[in-house]
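Survey of secondary and tertiary structure
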Amino acid sequence: MHFTSSQLILLQLLGDGGCHSGSELGAAIGITRSAIWKQINQLIDSGIPVKRIRHQGYQLPNPLILLNKEKIMGHLPLQTQLAPFNMHVVTSIDSTNRYLKELPPSNTVDICCAEIQTQGRGRFGRHWHSPFGENIYCSSRWNLNYDFTKLSGLSLVTSLAILATLNELDISPNIKIKWPNDILWNHKKLCGSLIEILAESNGNIQVIIGIGLNVNTDTQNHPLPDKPWCSLYEITKQYFDRNVLIAKLIINLERYLTKFIHQDLSSFLDEWNKSDYLFGKKINVTQSLDTLSGVACGINQLGQLILQDKSGTKHFLSSGDTSLHEK
Ligand code: BTN
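What you see is a predicted model; the values in this text were computed from it and never measured.

1. Some thoughts on the pairing of strand 13 (residues 314–317)
Regular strands have side chains that alternate between both faces of the sheet. Where strand 12 (residues 305–308) lies against strand 13, four bridges are found, and the strand directions are antiparallel. Pairing of Leu305 across the sheet is with Leu317, part of strand 13.

Dropping the structure here:
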């Protein structure tokens, strides 16, 4: 999917949510009304819901603030704890995780954000729904000189960094973390993360942390067939500037990763326990070969989920897909 610079300017102009006539848009961009008509048609063909209003003009159903590299960088500190940030803002990409995986090695923390992902990837090979301009699709690549065996806690630390960001917005006390890396609100998925670890030959480890945060989609009116989802818009009925949120996420991610490198997971346990969605609930955990059922009893210092089965035996699980046990 490719967007021309005129189309991006058009989206910027329509982003205020108002109705704009073809001649007004044409004058602003320096092209004719019929050229505007063509560009709008192409945007509609790409799935962007521009409305044509007879005798009046064009309008987006919701306000839109496009991603802007300078704006994101403007909200990030110049001094970093781990390495300087290097921001890549792209309009359309298959997957921001894939983009970073193929970038040559660097001494920076590379961050990739996109307006749309055509093949957004979730855990267990699932698809991550990534509509244009609505939500955050952001991956960051970190060079960590760290004990490989401790990396199992990384998903949990990432979830806590995301939760800290959401709590800073002070929008709801009901945002919870579901082991290992789902963020839920009212039992619906608000955010997920996909972590990929690449070992380098020099013993260093590169970690790619991909975050999908549902921000401005009207999820109530656009339910997904497979899983209940929600967005910050559904929680607050407000639209958010994703540029500011991305910067907040990166700042918290760096803060949490730095703490994780110097301490370990035990220093995060209290924070986890406060927002643990599964604690005390009857759940199923699906792993590659079987499904275990029992009561979730929190996590241990390695970040493993503690599951107590009917016979009282405790299982310590390092991976799996968790769901509430249907009665
Ligand atoms: C999940 O809950 O299954 C994980 C979802 C992770 C989605 C994000 S969006 C940015 C990054 N790029 C991807 O292709 N996936 C992650």
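2. Things to note about the packing of aromatic side chains
Applying the stated criterion to the full structure yields five aromatic pairs. Pairing Tyr233 with Tyr239 gives two aromatic rings, centres 4.6 Å apart and planes at 20°, and the pair type is stacked. With 6.2 Å between their ring centres and 70° between their planes, Phe260 and Phe268 make a pair best called edge-to-face. Per residue, the accessibility class of Phe260 equals that of Phe268, and both read buried. An aromatic cluster of at least three residues, connected via ring pairs, comprises Tyr256, Phe260 and Phe268. Lying over the aromatic face of Tyr277, Lys281 brings its terminal NZ or CZ to 4.1 Å of the ring centre.

3. Concerning the site of the ligand
The environment of the ligand is made up of 20 residues, and the closest members are Ser95, Gln117, Arg121, Arg123 and Lys189. Here Ser95 contributes a side-chain N or O atom positioned 2.8 Å from an oxygen atom of the ligand. One of the backbone nitrogen or oxygen atoms of Arg121 is found 2.7 Å away from a nitrogen atom of the ligand. The protein chains hide 98% of the 420 Å² of surface that the ligand would expose on its own. Breaking the shell around the ligand down by element, the ones donating at least two residues are helix 5 (96–101), strand 5 (136–144), strand 8 (188–199) and strand 9 (205–213). The element that contributes the greatest number of residues to the shell around the ligand is strand 8, accounting for four residues. In the shell around the ligand, the residues fall into five nonpolar, 11 polar and four charged.

4. Some words on the environment of Leu232
As for its position among the elements, Leu232 is in helix 7 (residues 232–236). Placed 42 residues apart in sequence, Leu232 and Leu190 show a C-alpha to C-alpha distance of 7.6 Å. Among all residues touching Leu232, those that are not within four sequence positions of it are Leu166, Leu169, Ile171, Leu190, Asn214, Val215, Lys237, Phe240 and Leu245.

5. Here we look at the UniProt feature "DNA-binding region" (unreviewed entry) in the chain
UniProt annotation of "DNA-binding region" (unreviewed entry) refers to residues 22–41 when read in the numbering used here. As annotated, residues 22–41 has a helix share of 85% and a strand share of 0%, and its two end C-alpha atoms lie 12 Å apart.

6. Some thoughts on the sheet that holds strand 11 (residues 291–299)
Judged by pairing direction, the sheet is antiparallel, and its five strands sit side by side in the order 13-12-11-10-14 without closing on themselves. Only two strands of the sheet have a single partner each, and these edge strands are strand 13 and strand 14 (321–324). Sheet twist, expressed as the mean angle between neighbouring strand axes with direction ignored, is 45°. Relative to strand 14, strand 10 (residues 282–286) runs antiparallel, the two sharing four bridges. Looking across to strand 14, one finds that Ile283 is bridged to Leu324.

7. Some words on the side chain of Ser159
Within the secondary structure, Ser159 sits in helix 6 (residues 154–169). Classification of Ser159 by relative accessible area gives buried; the value is 1%. From its side chain, Ser159 meets the backbone oxygen of Pro180 in a polar contact 3.0 Å long. Residues in contact with Ser159, not counting those within four places in the same chain, are Ile177, Pro180, Asn181, Asp182, Ile183 and Trp272.

8. A few points about the domain arrangement of the chain
Segmentation of the chain into domains returns domain 1 (5–59), domain 2 (69–273) and domain 3 (278–324). Using C-alpha coordinates to define each centre, domain 1 is positioned 52 Å away from domain 3.

9. Thoughts on the sheet that holds strand 8
In spatial order, the strands read 3-4-5-9-8-7-6; together these seven strands make up an open sheet with mixed pairing. Looking along the sheet, the strands with just one partner apiece sit at the ends: strand 3 (85–93) and strand 6 (175–178). Here the strands of the sheet are splayed against their neighbours by 20° on average, with no regard to which way each runs. Here nine bridges tie strand 8 to strand 9, and the two strands are oriented antiparallel to one another. Its bridge partner being in strand 9, Ser193 is matched across the sheet by Ile211. Relative to the sheet, helix 6 contacts strand 6, strand 7 (182–185), strand 8 and strand 9, its axis offset from that of strand 8 by approximately 140°. Set on the sheet, helix 8 (residues 242–262) makes contact with strand 3, strand 4 (109–117), strand 5 and strand 9; between it and strand 5 the angle comes to about 30°.

10. Remarks on the packing of helix 1 (residues 5–14) against helix 3 (residues 33–45)
The angle between the axes and the distance between the axes are what describe a pair of packed helices. Helix 3 packs onto helix 1 with a crossing angle of 85° between their chain directions and a minimal axis gap of 10 Å. What the angle tells us is that helix 1 and helix 3 run roughly perpendicular. When helix 1 is examined against helix 3, the residues Ser6, Gln7, Leu10, Leu11 and Leu14 are found in contact with a partner set consisting of Ile36, Gln39, Ile40, Gln42 and Leu43. In terms of residue class, the contact of helix 1 with helix 3 is made up of six nonpolar, four polar and no charged.

Scoring rules and cut-offs
Residues numbered from 1 in each chain as written. Predicted model: local features only at pLDDT ≥ 70, side-chain atom pairs only at ≥ 80, totals over all residues. Heavy atoms only, no water. Pairing = 2+ DSSP bridges. Helix = DSSP H or I, 4+ residues; strand = E, 2+ residues; numbered from the N terminus. Phe/Tyr/Trp six-rings, centres within 6.5 Å; stacked < 30°, edge-to-face > 60°. Buried < 20%, exposed > 50% of the residue type's maximum accessible area, 1.4 Å probe, protein only. Lys NZ or Arg CZ within 6 Å of the ring centre and 35° of its normal. Near = heavy atom within 4 Å. Polar contact = N/O pair within 3.5 Å; in protein donor to acceptor, adjacent residues only side chain to side chain. Areas by Shrake-Rupley, 256 points an atom, 1.4 Å probe, with all protein chains shown as cover. Nonpolar A, V, L, I, M, F, W, Y, C, P; charged D, E, K, R; others polar. Contact = heavy atoms within 4.5 Å. UniProt positions renumbered as here; feature names shortened; annotations may be inferred. Axes fitted to C-alpha atoms, helices over the stretch in contact; angles between N-to-C directions. Domains from an automatic or database assignment. Parallel < 35°, antiparallel > 145°, perpendicular 65-115°, else oblique.

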